[in-house]
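Report on the structure
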Amino acid sequence: MIKKRVIWLFGLSGAGKTTLSHLLAEKLENLGLNVVLLDGDDLRAGLNADLGFSNADRAENIRRASHIASLLVKRDIVCIGSFITPLNDHRQLISQIVGDELLLVYLDCPTSECERRDVKGLYRQARNNAIADFTGISAAFELPNAAVLSINTQHHTPEECVDMLLRELTG
């Protein structure tokens, strides 16, 4: 039915990761699949609360989440991850842990649009130096290589983006 069991949505804060993960989960559940969402903010509030935002801590955050995703897949559960995942090294780490079950999806959205969508005011705080190491402002975000599925969330509605994902997963 679906070709991949770990769908990892990544991109800047405000690119639509959480919104799309919830919509995709609903669609997959309607198809009769068991789905678990792993959201970066949720994991940092609990399991990964001991981690900061240095490159080493970001890598550890991704490593832990990747292992959880891998365990879920072994139980025939679809895992949708939504993490900023700013560095190509982090994405390679996910691939090494999860393997062939992984679909990496870059949610391409310019910083200006992410700032416009920012209901928490994080970009404003980062630009005022109230948040250190904020991805896209004071911390790097490396563009992915061409092998990654890229969806432009500025020019497509969330529903259109989920339809693209479903076509990729079932086509």
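Residues numbered from 1 in each chain as written. Predicted model: local features only at pLDDT ≥ 70, side-chain atom pairs only at ≥ 80, totals over all residues. Heavy atoms only, no water.

What counts, and what does not: UniProt positions are given in the numbering used here, feature names are shortened, and annotations may be inferred rather than shown by experiment.
An unreviewed UniProt entry annotates the protein chain as Adenylyl-sulfate kinase of Parapedobacter koreensis. Per UniProt, the protein chain has the following entry under Function (unreviewed entry): "Catalyzes the synthesis of activated sulfate." Reading the Sequence similarities (unreviewed entry) entry of the UniProt record for the protein chain gives the comment "Belongs to the APS kinase family."

**Some details on unusual backbone geometry**
Here is the rule: The numbering of helices and of strands both runs from the N terminus, where a helix is a DSSP run of H or I of at least 4 residues and a strand a run of E of at least 2.
Look at Thr 85: it is not a glycine, yet its phi comes out positive at around 50°. Locating Thr 85 in the fold gives a position in the loop between β3 (78-82) and α4 (88-98). We note that Asn 129 has phi near 60°; this positive angle belongs to a residue other than glycine. Within the secondary structure, Asn 129 is located in the loop between α6 (122-127) and β5 (149-152).

**Thoughts on the UniProt feature "domain: APS kinase" (unreviewed entry) in the protein chain**
Here the UniProt feature "domain: APS kinase" (unreviewed entry) sits at residues 5-151. Helix and strand shares over residues 5-151 are 44% and 17% respectively, and the end C-alpha atoms of the span are 19 Å apart.

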